[in-house]
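Observations on the model geometry
The lines below spell out each chain.
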Amino acid sequence: MVGMRGAYGGGGGYSNGNESQPLGGAAGAAGPMTTETSTEIVGMEVHKVAPPPPRSTLSKMKARVKETFFPDDPFRGFKGQPLGTQWLMAVKYLFPILDWVPGYSFSLFKSDLIAGLTIASLAIPQGISYAKLASLPPIIGLYSSFVPPMVYAVLGSSRDLAVGPVSIASLVMGSMLRDAVSPSGEPLLFLQLAFTSTFFAGLVQASLGILRLGFIIDFLSKATLVGFMAGAAIIVSLQQLKALLGIVHFTTQMGIVPVMASVFHHTKEWSWQTILMGVCFLVFLLAARHVSLRWPKLFWVSACAPLASVIISTLLVFLFKAQNHSISIIGQLKCGLNRPSWDKLLFDSTYLGLTMKTGLITGILSLTEGIAVGRTFASLKDYQVDGNKEMMAIGLMNVVGSCTSCYVTTGAFSRSAVNHNAGCKTAMSNVVMALTVMVTLLFLMPLFVYTPNVVLGAIIIAAVIGLIDLPAVYQIWKMDKMDFLVCVCAFAGVIFISVQEGLAIAVGLSVFRVLMQITRPKMMIQGKIKGTDIYRDLYQYKEAQRVPGILILAIEAPINFANSNYLNERIKRWIEEENSMQNKQTELHFVILDLSARSSESNRRGHGENTASE
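All of these numbers come straight from a predicted model, not from anything done at the bench. (Residues numbered from 1 in each chain as written. Predicted model: local features only at pLDDT ≥ 70, side-chain atom pairs only at ≥ 80, totals over all residues. Heavy atoms only, no water.)

1. Quick notes on the overall build of the protein
Counting secondary structure elements, the protein contains 24 helices and ten strands. The buried share of the protein, reckoned over its 614 residues, is 49%. Expressed as a percentage of contacts within the protein between residues at least 6 apart in sequence, the contacts between residues at least 24 apart total 78%. For the protein, the accessible area works out to roughly 30,400 Å², and carbon and sulfur atoms hold 64% of it. (Helix = DSSP H or I, 4+ residues; strand = E, 2+ residues; numbered from the N terminus. Buried < 20%, exposed > 50% of the residue type's maximum accessible area, 1.4 Å probe, protein only. Contact = heavy atoms within 4.5 Å. Areas by Shrake-Rupley, 256 points an atom, 1.4 Å probe, with all protein chains shown as cover.)

So, in structure tokens, the structure goes:
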């Protein structure tokens, strides 16, 4: 029997002039051969594979670290520049505001002014609502819409991101801290834990940016986020049944079963006045959202609807004294700007583990949402958003916020969408929004005394409904059933267990899937498309035909120690199956492995003189 051997990832290949696909090499012969075939093999030309130029271990490690942590080479523009220019470029890199402020004009300001006022009308009611969702005083939500946007305007690189509290981070923070401390029984301690968790969230976010570790958040795949967001949206909505039904005694648990049990266990506490007001304003908010989705030019209808709801409901409660008829209200809110809170950061060992864990989870979630939103709108306007700079900006924003009576903030999708549609040009729209909130904090807080809690609940429900992305779920189902399983597990974990456990299950499944793809790479049999020199998957391309006597296997992953055993056994089994097939016209002579997906590092390894076949 005559055999042949090849260098994995070697120089053999085939081409039709327009398209070439390298074949990595060949396994041994797989059966008896004719004399004709043997003659052809003997006559093959032997090619030498040149070894790669020698490199030191230090240079290899340096190159690998650079490609891992600095793939964008952020300082490539510094080369060849004078020292003064390099310092100026470094300052601009750290403070992106210096890039656009010198060329700022009045026409840009007019656009940013309109956008800032528009998102402020949304930020004020949302800030109050999301703070209550986190079991924090409503004023903390407004504080969180004042200082963080100002910090982001200086450090952030996105023009469209509108900063403030978000529903998911508020829900997660509130649920995690409530497990250890009662917000009504120990309000000061709960507030201290919220500020400390925000500090750790900012620390995690900034560290990821400084250390260039942003790739860690890539483990939160789209399937994971779609399922998690949908489950969280349902849990957030169910939590608002307390306000919509007027229930006083409500469960602090987050799962759908205990929440619904609490709802029907306290039917005697239901208030028809509260239900009527809640349903009316919820229908109004959903109708406004539908109008804005149907006619994008009317985006302002949805943006202004929450503030309009707050104003109208507050007037109704004031005029009809509805607080005396089972409708709960916010109550007195103090005027004034953010109070320093660095003295409230609590690093006591009793609660240190809780605050660090809460900060880590809320930090990763809010960072993922903020970067995803920023990149989405940057792609629409064709500009770049630096992910690592965004991590540093959002992280420092939350560190500063924790010292100024704020809790976790990021770029909210609904607010950023309104900002984008309102025609914002720069991050100045965040400054306008923050100044508008400042005026509210200084002079308008007494106007919110009679604001009913049921309307705040309706605002939250209308906002989080947009997080349930059914078209994305359907697309995931069509594209990849394993991704769909991850999506469903994330969703089920959130609504049936808890938000944290649901997220942990989804991330665990995503990591498991990555490991499976590495250890069990996909292999396929390739055939030649008739009339061409192109080779494609036999199962995908029906016009592709087997080459008689040759088995061509494509391996769609790099080969490493984790999958080499599997590949060896799988290739042997394929050969055995080929040899055992009945009614074959031609016996199997060669096995060719297409190793074009193999890592370049492996291809650069020198093995002396290898042979490659054509």
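Next comes the rest of the description.
2. Notes on the packing of aromatic side chains
A complete count under the given rule lists eight aromatic pairs for this structure. Considering the side-chain rings of Phe200 and Phe347, the 5.9 Å spacing of their centres and the 90° angle between planes classify their relative orientation as edge-to-face. On the criterion of sequence distance, the pair formed by Phe200 in helix H9 (residues 187-210) and Phe347 in the loop between helix H14 (299-320) and helix H15 (349-381) is long-range, its members being 147 residues apart. Seen in terms of ring centroids, Phe264 and Trp270 are 6.2 Å apart; in terms of plane orientation they differ by 50°. Their pairing is tilted. Taken together, the aromatic side chains of Phe199, Phe200 and Phe347 make up a single cluster linked through ring pairs. The residue whose ring lies beneath Lys321 is Phe318, and the NZ or CZ to ring-centre distance is 5.1 Å. The ring of Trp574 carries the charged tip of Arg570 above its face, separated from the ring centre by 3.9 Å. (Phe/Tyr/Trp six-rings, centres within 6.5 Å; stacked < 30°, edge-to-face > 60°. Lys NZ or Arg CZ within 6 Å of the ring centre and 35° of its normal.)

3. Observations regarding the confidence of the model for the protein
Per-residue confidence for the protein gives a mean pLDDT of 82; residues scoring 70 or more make up 86%. Counted against residues more than four places away or in other chains, residues 1-42, with its pLDDT under 50, gives 91 contacts. In the predicted structure, residues 600-614 sits below a pLDDT of 50 and forms 30 contacts with residues beyond four places in sequence or in another chain. (pLDDT = per-residue confidence, 0-100.)

4. Observations concerning the pairing of strand S9 (residues 550-555)
Remember that side chains alternate between the two faces of the sheet whenever the strand is regular. Counting buried residues along S9, five of its six residues qualify, which places the element largely inside the surrounding structure. The sheet contact formed by strand S6 (residues 523-529) and S9 spans four bridges and is antiparallel. Looking at the pairing, Met524 lines up with Ala554 of S9. Sheet topology note: the S9/strand S10 (residues 590-594) ladder contains five bridges and is parallel. Opposite Ala554, over in S10, you have Asp594 as the bridge partner. (Pairing = 2+ DSSP bridges.)

5. Some remarks on the side chain of Thr409
Residue placement: Thr409 occurs in the loop between helix H16 (387-402) and strand S5 (410-411). Given a relative accessible area of 0%, Thr409 falls into the buried group. Every residue in contact with Thr409, bar those within four places of it in the chain, is listed here: Ser144, Pro148, Val163, Gly164, Pro165, Ile394, Met397 and Asn398.

6. Some details on the pattern of salt bridges
Following the criterion strictly, the structure yields six salt bridges and no others. In this structure, the salt-bridge partner of Glu578 is Arg546, at a minimum N-O distance of 2.9 Å. Pair noted here: Glu578 is in helix H23 (residues 564-580) and Arg546 is in the loop between strand S8 (544-545) and S9, with a separation of 32 residues, a long-range link. We classify Arg546 as partly exposed; its relative accessible area is 34%. Ionic pairing is found between Arg573 and Glu577, a salt bridge with its closest N-O pair at 3.5 Å. Taken as a pair, Arg573 and Glu577 lie in helix H23 at a separation of four residues, close to a single helical turn. Take Glu577: its relative accessible area is 35%, and that puts it in the partly exposed class. Each of Asp480, Asp483 and Arg513 takes part in salt bridges that share partners, so that together they form one network. (Salt bridge = Lys/Arg side-chain N within 4 Å of Asp/Glu carboxyl O.)

7. Quick word on the nonpolar core
Residues Leu136, Ile140, Leu171, Val172, Phe228, Tyr407 and Leu441 are the most contacted members of the largest nonpolar core, which totals 99 residues. Of all the elements, H9 adds the most residues to this core, at ten residues. Beyond its immediate sequence surroundings of up to four residues, Tyr407 is in contact with Tyr130, Ala131, Ala134, Leu136, Ile140, Gly141, Ser144, Pro165, Ser170, Met173, Thr198 and Asn398. By size, the runner-up hydrophobic cluster in this structure holds 18 residues, among which are Ile529, Ile559, Leu588 and Leu595. (Core = buried A, V, L, I, M, F, W, Y, C linked by side-chain atoms within 4.5 Å.)

8. Remarks on the environment of Phe590
In this fold, Phe590 is placed in strand S10. In this structure the C-alpha to C-alpha distance between Phe590 and Ile552, which are 38 residues apart in sequence, comes to 8.3 Å.

9. Quick word on the packing of helix H7 (residues 147-155) against helix H18 (residues 428-444)
Where H7 meets H18, the closest approach of the two axes is 8 Å, and the angle between their N-to-C directions is 160°. On the basis of the axis angle, H7 is roughly antiparallel to H18. Crossing handedness for the pair H7 and H18: left-handed. Across the interface between the two elements, Pro149, Met150, Tyr152 and Ala153 from H7 touch Asn430, Val431, Met433 and Ala434 from H18. (Axes fitted to C-alpha atoms, helices over the stretch in contact; angles between N-to-C directions. Parallel < 35°, antiparallel > 145°, perpendicular 65-115°, else oblique. Left-handed = near helix turned anticlockwise from the far one by under 90°.)

10. Here we look at a nonpolar patch on the surface
Together, Ile311, Ile312, Leu315, Leu316, Phe318, Leu319 and Phe320 give the surface a local cluster of nonpolar side chains, amounting to about 690 Å² of exposed area. Its place among the elements puts Ile312 in helix H14. (Patch = residues over 30% accessible without salt bridge, like charges linked within 9 Å, V, L, I, M, F, W, Y side chains within 5 Å.)

11. Some words on helix H17 (residues 413-421)
Within the span of H17, buried status applies to Arg415, Ser416, Ala417, Val418, Asn419 and His420. On its buried face, H17 is in contact with helix H5 (106-133), strand S4 (163-164), H14, H15, S5 and H18.

12. A few points about the pairing of S6
Within S6, six of the seven residues are buried, leaving the element largely enclosed by the surrounding structure. For S6 and strand S7 (residues 535-537), the ladder comprises three bridges, and the chain directions are antiparallel. By the bridge assignment, Gln526 is partnered in S7 with Asp537. What sits between S6 and S7 in their antiparallel hairpin is a turn of five residues, with Gly531 showing a positive phi close to 85°.

13. Examining helix H10 (residues 222-239)
Taking 1.5 Å as the rise per residue, H10 with 18 residues should run 26 Å; its terminal C-alpha atoms sit 25 Å apart, in good agreement. Of all 18 residues making up H10, 16 are buried, and the element is well covered by its neighbours. (Expected span 1.5 Å × (residues − 1).)

14. Considering the packing of H5 against helix H19 (residues 453-464)
Between H5 and H19, the shortest axis-to-axis distance is 9 Å and the interhelical angle comes to 95°. One way to sum up the angle between H5 and H19 is to call them roughly perpendicular. In this structure, H5 uses Pro125, Gln126, Ile128, Ser129, Tyr130, Lys132 and Leu133 to contact H19, whose residues at the interface are Asn453, Leu456, Ile459, Ile460 and Ala463. Residue classes in the contact of H5 with H19 are distributed as eight nonpolar, three polar and one charged. (Nonpolar A, V, L, I, M, F, W, Y, C, P; charged D, E, K, R; others polar.)

15. Things to note about the environment of Asn560
You can see Asn560 is positioned in the loop between S9 and H23. For the pair Asn560 and Ile518, spaced 42 residues apart in the sequence, the C-alpha separation amounts to 8.5 Å. Engagement of the side chain of Asn560 in a polar contact is seen with the backbone nitrogen of Ala562, the distance being 2.9 Å. (Polar contact = N/O pair within 3.5 Å; in protein donor to acceptor, adjacent residues only side chain to side chain.)

16. Topic: the side chain of Arg513
Turning to its location among the elements, Arg513 is positioned in helix H22 (residues 499-519). With residues near it in sequence (within four places) discarded, Arg513 still touches Asp480, Met482 and Asp483.

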